[in-house]
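# Summary of structural features
Each chain is listed here by its residues.
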2 protein chains.
Amino acid sequence: MTHTVLLHGATGETGREILDGLIDDGSFTIAALVRPESVEKAATETLKEKAIKIVVGDPANQTVDELAALLNGYDTVISAVAASAQLAQFKLVDAAAKAGTKRFIPCGFTSISPPGGVMSLLRGEKEQVHERIWYHHLPYTIIDTGFWYQLSFPRLPSGRVDYATLGDANTFFGNGDAPNLMIDKRDIGRLTARIIKDPRTLNKRVFLHAEVLTQDDIWIIMQGKSGEKIETKRASHDQLIAKMHAARVALRENPTDTMAQVAVWSAEYDVSKYVRVDNTPENARYLGYLDTKKLYPDFRPNTFTAFVDGLLAGKAQRPYQDKYNFLHK
Amino acid sequence: MTHTVLLHGATGETGREILDGLIDDGSFTIAALVRPESVEKAATETLKEKAIKIVVGDPANQTVDELAALLNGYDTVISAVAASAQLAQFKLVDAAAKAGTKRFIPCGFTSISPPGGVMSLLRGEKEQVHERIWYHHLPYTIIDTGFWYQLSFPRLPSGRVDYATLGDANTFFGNGDAPNLMIDKRDIGRLTARIIKDPRTLNKRVFLHAEVLTQDDIWIIMQGKSGEKIETKRASHDQLIAKMHAARVALRENPTDTMAQVAVWSAEYDVSKYVRVDNTPENARYLGYLDTKKLYPDFRPNTFTAFVDGLLAGKAQRPYQDKYNFLHK
């Protein structure tokens, strides 16, 4: 009997990396949970080309019993949904408990920060989903990751990396010396494949990373590799905190405004990563996470230097191409 | 340099057990944090008789800086406050972070249940304190315990155990077959002394227990030892759930009513322990707790059978003698 996996969000930004990681691994029978209105979409066609079984279902509009029937027979259920859709996982958790899922992977895949009010929106909602998991005694693994290389490099004066740039990342926060867990997003899937087969990670939190880098480190590598001088803006810690408070107030005034949500996620990330320095191996261990570097010492993640080589060679891909367009209006 | 410990709540129901455990252990220099108005109380006199240093302070009425000055120089700070005073620990946590406390023990010492809405009042408030700890990256150990033998035995028709009875515990919940972690409250201190010296328990949750017993087990032991037939009442799971909802509604109507709080704690304990079956070794491990049975295999906790021998011999003590009096009006 092969290990069967049902992946929710297989065409999303993280989900597609997980799908490729599971396929590369070769030891899983994989299915994707796809909403009825998405079955005919181009993204779903790519799943069919990869011979992934399509399970048509919609956690937002079906009952727990209906969803449980869909989940039945899958050993592992992985949820990789949009940042805005975290609370919509409740029914999926209820269904997994009902179906007797052997391991549920909620949508984590974010930087390390503590439960509570620090990352009040993104982490706050994810932790509510964890509480729902614990409510059911449902077997689980929480997987969080270093921040993506793909979102962390500054633009160059020549414009040669703009093709892969989601939004301007040329602001140096504080002294630029805050260490941060980082990873090439393409490695998330391969590590997830290892984690879900590993009994040591059952009912645990696990963090993935390739390197620990400061902005200073990133600037040195980008300048050294490109031969260009980066145009650097600066923001103080106080400015980051003020921006976060303003973003929270604005969201409270327009709670369903998508851009107001994005602003809170972004500002809370900045404070957590650069002011509080939450996204480190030490803090991850403190918060009870296992470290994939210890679990899988043979795994060779892509280095930031190698990523920059690819970026400068025109081989990188802009994240969220279908969704956001901050630079390329 | 001996290990220095500051104990907050040293004359309370759990605190006094912790104090005795620390004294018995012999390897600590112990101080007690006592409020100004309690310095002259009889309970504080007993601390002085035990040669415990009295540190006069009041987390409710002093600033974080003032409290940090009091905490300065203590390796470990243990908080064992009343169930109603959980959120008053925030300032103590802030002060410990400021003072560089090497290990903070928040007031846990309760049964195993998941974070979230299950034990919405008692666990809910304790988890808010945990979040404050994580906010500061403050080193910690969360210690939870089996339910006390002292609160778990039924009355006998002869009345011979009434002297040690806090409230009637003669109701059989459901089929009486829910396993529960249990412990003699006098063992909490000796195990706490081990835990706070142990590097393996730093930044972890740990659970203490002596035995796993069902109500059926307890009835058999009590009847066998006493030769009396217990007068048993019964409550169904549905009745427990209905009682919990009613208690929550009543507290919402009178949020500062002490007896309404007690009713919520009690009803939520019953649902968690007897309906959900949360208070088990399996669930504790699932929720990430370490097990003192594994950590300290040489430790011999008092058995329930031995506790009952003492109880029938008139040697038990009624808990909360100074505070509540449900049976002995």
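Quick caveat, the model's predicted, so the values are computed rather than measured. (Residues numbered from 1 in each chain as written. Chains lettered and ligands numbered in written order. Predicted model: local features only at pLDDT ≥ 70, side-chain atom pairs only at ≥ 80, totals over all residues. Heavy atoms only, no water.)

### Some thoughts on the relation of the copies chain A and chain B
- Mapping chain A onto chain B calls for a rotation angle of 180° and an axial translation of 0.0 Å; the resulting RMSD is 0.0 Å. Between the two chains, the operation in question is that of a two-fold axis. The C-alpha atom lying nearest the rotation axis in chain A is that of Gly-288 of chain A; the distance is 4.2 Å.
- The fraction of interface residues of chain A whose copies in chain B are also interface residues reaches 100%, indicating that both copies meet through the same surface. (Least-squares fit on C-alpha atoms with pLDDT ≥ 70 in both. Contact = heavy atoms within 4.5 Å.)

### Observations concerning the pairing of strand β4 (residues 76–79) of chain A
Residue and element names in this part refer to chain A.
- Because side chains alternate across β4, one face comprises the buried residues Thr-76 and Ile-78, and the other comprises Val-77 and Ser-79, equally buried.
- Pairing of strand β1 (residues 3–8) with β4 involves four bridges; the strand directions are parallel. Looking at β4, one finds that Leu-6 is bridged to Val-77.
- Direction of pairing for β4 relative to strand β5 (residues 103–105): parallel, over a ladder of three bridges. Each bridged residue has a counterpart across the sheet, and for Ile-78 the counterpart in β5 is Ile-105.
- In this fold, the crossover linking β4 to β5 by way of helix α4 (residues 90–99) has right-handed handedness. (Buried < 20%, exposed > 50% of the residue type's maximum accessible area, 1.4 Å probe, protein only. Helix = DSSP H or I, 4+ residues; strand = E, 2+ residues; numbered from the N terminus. Pairing = 2+ DSSP bridges. Right-handed = clockwise from strand over helix to strand, strands pointing away.)

### A closer look at unusual backbone geometry
All names here are of chain B.
- The phi torsion at Ala-51 lies on the positive side, around 65°, for a residue other than glycine.
- Tracing the chain through its elements places Ala-51 in the loop between α2 (42–49) and β3 (53–56).
- With a phi close to 55°, Tyr-320 is a non-glycine residue in the positive phi region.
- Relative to the helices and strands, Tyr-320 resides in the segment after α12 (304–312).
- Judged by relative accessible area, Tyr-320 falls into the partly exposed class, the value being 24%.

### Points about the pattern of salt bridges
All names here are of chain A.
- Summed over the entire model, instances satisfying the criterion amount to 50 salt bridges over all chains.
- Across the pair Lys-102 and Asp-75 runs a salt bridge, and its minimum N-O distance is 2.8 Å. Residue Lys-102 is located in the loop between α4 and β5, and its partner Asp-75 is located in the loop between α3 (64–71) and β4; the two are separated by 27 residues in the primary sequence.
- For Arg-155, the salt bridge is made with Asp-168, and the minimal N-O distance between the two is 3.6 Å. Taken together, the positions of Arg-155 in the loop between β7 (147–148) and β8 (171–173) and Asp-168 in the loop between β7 and β8 put the pair 13 residues apart, joining distant regions of the chain.
- On the accessibility criterion, Arg-155 (25% relative accessible area) is partly exposed.
- Exposure remark for Asp-168: the relative accessible area of 36% places this residue in the partly exposed category.
- Here the salt bridges share partners, and the residues they tie into one network are Glu-13, Arg-16, Glu-17 and Lys-185. (Salt bridge = Lys/Arg side-chain N within 4 Å of Asp/Glu carboxyl O.)

### Comments concerning the domain arrangement of chain A
Residue and element names in this part refer to chain A.
- According to the domain assignment, chain A contains domain 1 (3–144 + 185–208) and domain 2 (148–183 + 211–277 + 300–312).
- Between the C-alpha centres of domain 1 and domain 2 the distance comes to 27 Å.
- With 23 residues of domain 1 at the contact, the number on the domain 2 side is 17 residues.
- Counting the surface domain 1 buries against domain 2, the share from its top three residues, Val-118, Leu-121 and Lys-185, is 31%.
- Our enumeration of links across domain 1 and domain 2 arrives at zero salt bridges. (Domains from an automatic or database assignment. Buried area = accessible area lost by both parts, 1.4 Å probe.)

### Some details on the sheet that holds β3 of chain B
All names here are of chain B.
- Here we have five strands laid out as an open sheet, ordered β3-β2-β1-β4-β5, and parallel in their pairing. Unpaired on one side and paired on the other, β3 and β5 (103–105) mark the two borders of the sheet. The mean angle between the axes of side-by-side strands here comes to 25°, regardless of whether they run parallel or antiparallel. (Axes fitted to C-alpha atoms, helices over the stretch in contact; angles between N-to-C directions.)

### Some points on the side chain of Ser-152 of chain A
Residues and elements named next belong to chain A.
- Within the secondary structure layout, Ser-152 lies in the loop between β7 and β8.
- In this structure the side chain of Ser-152 is engaged in a polar contact, spanning 2.7 Å, whose partner is the backbone oxygen of Trp-148.
- With residues up to four places along the chain from it excluded, the contact list for Ser-152 reads Phe-147, Met-182 and Ile-218. (Polar contact = N/O pair within 3.5 Å; in protein donor to acceptor, adjacent residues only side chain to side chain.)

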